[in-house]
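Listed below, chain by chain, are the residues.
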Amino acid sequence: MPTVDAKPGPFTFDLESTVLLVIDMQRDFLLPGGFGESLGNDVGQLSRAIEPLAALMAAWRTAGLPIVHTREGHLPDLSDCPPAKLRRGAPSKRIGDPGAFGRILVRGEYGHDIVDELQPVDGEVVVDKPGKGAFYATDLSDVLDKFGARSLVVTGVTTEVCVHTTVREANDRGYECLVPADCVGSYFPEFQRVGLEMIAAQGGIFGWVADSPTLISALEELR
Ligand code: C5J
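Since this is a predicted model, take the numbers as computed values, not measurements.

> Explain the overall build of the protein chain here, please?
When helices and strands are counted, the protein chain shows nine helices and eleven strands. Relative to the 2.2 N^0.38 estimate, which gives 17 Å for 223 residues, the radius of gyration of the protein chain is 17 Å and therefore close to what a compact globule would have. When the backbone C-alpha atoms are referred to their principal axes, the protein chain occupies close to 50 × 35 × 30 Å. Across the 223 residues that make up the protein chain, the buried fraction comes to 51%. For the protein chain, restricting intrachain contacts to residue pairs at least 6 apart in sequence, the fraction spanning at least 24 positions comes to 73%. A total accessible area of about 9,900 Å² is found for the protein chain, and carbon and sulfur atoms account for 53% of it. For the protein chain, the distance from the average position of its 20 positive side-chain charges to the average position of its 32 negative side-chain charges is 7 Å.

Here's what the structure looks like:
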């Protein structure tokens, strides 16, 4: 079984039961001129994760391992968006409002979809989620059961919001989670640092943190 150097200690995983989860690498969050930037965020803090994540996904596919993507967003009639979430933020920049890439975080819109560099390939599952956590109101548990997953490599954006919520949900469900630090991103450098520290603190209270080159090397050594 491959083992990678990680914090708080080595992470060993079984190739037969490990899924790469790619959280919300959507244009609305990542593209210049889009929703994320319109909120005053520096999208460059997120886009720096694209290249390492693309390399990890390529290595994962070469190893024949499963990748599951998620997208945060809502039905066009917004019936799956709680009023409290809908009211959040400045008017004209709320979920469902027209944005530079279509209605903000609405399924089927250009901005809701995954950035070109990280598009799923045939056979990869895409889970649409209305919340921050990928398990809430989705069939992710069933999808992971079909893959026999016990360990998850969790990547994507944003580190302290949807990645963290999903890692916490997964940890409570008994999955062992590894987060490659260079494959997750936050608009806020401080949240990125602290978010990663929180995962590995207290002996790995939520999981493990490593770097993607270490993980890719572990996969390549098996070939
Ligand atoms: C946010 C996410 N930050 N995918 N969504 O609203 O982290």
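> Can you walk me through the site of the ligand in this structure?
Neighbouring the ligand are the residues Asp 24, Phe 29, Glu 72, Lys 132, Val 157, Thr 158, Val 161 and Cys 162. Here Glu 72 contributes a side-chain N or O atom positioned 2.9 Å from a nitrogen atom of the ligand. In this structure, Val 157 approaches the ligand through a main-chain N or O atom, which is 3.1 Å from a nitrogen atom. Summarising the interface, the protein chains cover 86% of the accessible area of the ligand, which totals 230 Å² for the free molecule. When its residues are assigned to classes, the shell around the ligand shows four nonpolar, one polar and three charged.

> Please explain the pattern of salt bridges as it appears in this structure.
Any two side chains of opposite charge can pair, so long as their charged atoms come close to each other. All told, the structure shown has ten salt bridges when counted by the stated rule. The shortest N-O distance in the salt bridge between Arg 71 and Asp 128 comes to 2.8 Å. Of this pair, Arg 71 sits in strand β4 (residues 67-72) while Asp 128 sits in strand β7 (residues 125-129), and the two are 57 residues apart along the sequence. Given a relative accessible area of 23%, Asp 128 falls into the partly exposed group. Glu 72 is the partner of Lys 85 in a salt bridge, and the nearest nitrogen-oxygen pair spans 2.8 Å. Of this pair, Lys 85 sits in helix α5 (residues 83-86) while Glu 72 sits in strand β4, and the two are 13 residues apart along the sequence.

> What am I meant to see in the nonpolar core here?
Within soluble globular proteins, side chains that are nonpolar tend to cluster in buried spots. Residues Leu 20, Met 25, Leu 56, Trp 60, Leu 118 and Leu 178 are the most contacted members of the largest nonpolar core, which totals 39 residues. Residue assignment for this core shows that the elements contributing at least two residues are β3 (18-23), α1 (27-30), α4 (50-62), β8 (151-157) and α9 (212-220). The leading source of residues in this core is α4, at six residues. In this view, Trp 60 contacts Phe 13, Thr 18, Val 19, Leu 20, Leu 65, Pro 66, Ile 67, Val 153 and Leu 219; residues no more than four positions away in its chain are not counted. With 27 residues, the next largest nonpolar core counts Ala 134, Cys 162, Val 179 and Val 209 among its residues.

> Honestly, the confidence of the model for the protein chain in this entry has me stumped. Any pointers?
Regions with low pLDDT should not have their predicted coordinates read in detail. Across the protein chain, the average pLDDT comes to 97, with 100% of residues at 70 or higher. Highest mean pLDDT in the protein chain belongs to β4 (99); lowest belongs to helix α2 (residues 35-38) (95).

> Could you clarify how one ought to interpret the state of the cysteines in this entry?
Disulfide: a covalent bond formed between the sulfur atoms of two cysteine residues. Under the definition given, this model contains zero disulfides. Between Cys 81, a cysteine without a disulfide, and Cys 162, which holds the nearest cysteine sulfur, the sulfur-to-sulfur distance is 13 Å. Note on Cys 183: no disulfide assigned, nearest cysteine sulfur contributed by Cys 177 at a separation of 15 Å.

Procedures and definitions
Residues numbered from 1 in each chain as written. Predicted model: local features only at pLDDT ≥ 70, side-chain atom pairs only at ≥ 80, totals over all residues. Heavy atoms only, no water. Helix = DSSP H or I, 4+ residues; strand = E, 2+ residues; numbered from the N terminus. Rg over C-alpha atoms; globule rule 2.2 N^0.38 Å. Buried < 20%, exposed > 50% of the residue type's maximum accessible area, 1.4 Å probe, protein only. Contact = heavy atoms within 4.5 Å. Areas by Shrake-Rupley, 256 points an atom, 1.4 Å probe, with all protein chains shown as cover. Lys, Arg positive; Asp, Glu negative; His and termini not counted. Charge placed at Lys NZ, Arg CZ, Asp CG, Glu CD. Near = heavy atom within 4 Å. Polar contact = N/O pair within 3.5 Å; in protein donor to acceptor, adjacent residues only side chain to side chain. Nonpolar A, V, L, I, M, F, W, Y, C, P; charged D, E, K, R; others polar. Salt bridge = Lys/Arg side-chain N within 4 Å of Asp/Glu carboxyl O. Core = buried A, V, L, I, M, F, W, Y, C linked by side-chain atoms within 4.5 Å. pLDDT = per-residue confidence, 0-100. Disulfide = S-S within 2.5 Å.

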